[in-house]
Amino acid sequence: MLFKTISYIKFLLRSTNQHGLHSPFVYNFVTKGLYSKEIKNNILSEYSELKKLSKKEQTVFSKIIAYFKTNQLYIDVKSSNKSEDQEYKIIYVNTIHKIQSSELNTFNTKDIIVIYGIHQQKKTALKWQEIIKSKEAKVTIDLFYFGLIFFRKEQVKEHFNIRV
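Parameters and conventions
Residues numbered from 1 in each chain as written. Predicted model: local features only at pLDDT ≥ 70, side-chain atom pairs only at ≥ 80, totals over all residues. Heavy atoms only, no water. Helix = DSSP H or I, 4+ residues; strand = E, 2+ residues; numbered from the N terminus. Rg over C-alpha atoms; globule rule 2.2 N^0.38 Å. Buried < 20%, exposed > 50% of the residue type's maximum accessible area, 1.4 Å probe, protein only. Contact = heavy atoms within 4.5 Å. Areas by Shrake-Rupley, 256 points an atom, 1.4 Å probe, with all protein chains shown as cover. Lys, Arg positive; Asp, Glu negative; His and termini not counted. Charge placed at Lys NZ, Arg CZ, Asp CG, Glu CD. Pairing = 2+ DSSP bridges. Core = buried A, V, L, I, M, F, W, Y, C linked by side-chain atoms within 4.5 Å.

(A) Structural context of the overall build of the protein chain. Along its length, the protein chain carries five helices and six strands. Listing every helix and strand of the protein chain by position from the N terminus yields α-α-α-β-α-β-β-α-β-β-β. Taken over the C-alpha trace, the protein chain has a radius of gyration of 15 Å; the compact-globule value for 164 residues is 15 Å, and the two agree within 12%. With respect to the three principal axes, the spread of C-alpha positions in the protein chain is 40 × 35 × 35 Å. The buried share of the protein chain, reckoned over its 164 residues, is 48%. Put simply, of all contacts in the protein chain between residues at least 6 apart along the chain, 57% involve residues at least 24 apart. When the accessible area of the protein chain is evaluated, it comes to approximately 8,900 Å², of which 52% is carbon and sulfur surface. Of the charged side chains in the protein chain, 27 are positive and 15 negative, and the gap between their average positions amounts to 7 Å.

Okay, here's the thing in structure tokens:
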């Protein structure tokens, strides 16, 4: 608990809102998605893994799903690789240790990995830092509640800490 509290204070000190962003993709995601007032998608009730999330975490996650206009949520990283849709795919991972660095090169531009609990323990925070440094993860966003990984090949590698 102490680690999570200290991590939150550090996060608040280095995080920004939409005014500190210089990436058009991330700026649109933050302003039109994360900071929107309404929640348009209630897909979370269909997944038992997401019922453990707090109300705030469910709200943030619903906004992520609504912004990318996806009706499908993948809970398993391996099953998500078999789908070849042209739409955005959101892969929810509740334990960061389920992601291997070698798996990151199998994702495409429309894949988004949402990782829960990246600041729970020191081990999870270190694994998150390892993922941020990975060359395959082009855009990473730390929302404190979740870590988001985008594989946008058309974008320069960047990391953002965003308050929600």
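(B) Layout of the sheet that holds strand S6 (residues 158-161). Across the sheet, which stays open at both edges, the six strands sit in the order S1-S2-S3-S5-S4-S6 with mixed pairing between neighbours. Sheet topology places strand S1 (73-74) and S6 at the edges, where each strand pairs with a single neighbour. Taken together, the two bridges between S1 and strand S2 (residues 89-93) define a ladder with parallel strand orientation. Residue pairing across strands places Tyr74 opposite Ile91, the latter belonging to S2.

(C) Structural context of the nonpolar core. Among the nonpolar cores identified, the biggest contains 32 residues, and Phe61, Ile64 and Ile141 are the most heavily contacted of them. Of all elements in the fold, only helix H2 (24-34), helix H3 (55-67), S2, strand S3 (111-116), strand S4 (139-142) and strand S5 (146-150) reach the threshold of two or more residues within this core. A per-element tally of this core places H2 first, with five residues. Excluding residues that lie within four positions of it along the chain, Ile141 makes contacts with Val26, Phe29, Trp128, Phe146, Gly147, Leu148, Phe150, His159, Phe160 and Ile162. Counting residues in hydrophobic clusters, the runner-up holds 17 residues, among them Tyr74, Val77, Ile91 and Ile132.

(D) Representation of the environment of Ala125 within the structure. For Ala125, the position within the fold is in helix H5 (residues 122-133). Using a relative accessible area of 16% as the deciding quantity, one classes Ala125 as buried. Considering only alpha carbons, one finds Ala125 and Phe3, 122 residues apart in sequence, at a separation of 9.9 Å. What Ala125 contacts, discounting residues up to four positions off in sequence, is Phe3 and Ile118.

(E) Spotlight on the environment of Tyr88. Along the polypeptide, Tyr88 turns up in the loop between helix H4 (77-80) and S2. Distance in space between the C-alpha atoms of Tyr88 and Asn108 is 9.7 Å, their sequence separation being 20 residues. Once residues lying within four places of it in the same chain are set aside, the contact partners of Tyr88 are Phe25, Phe68, Thr70, Thr109, Lys110, Ile112 and Arg152.

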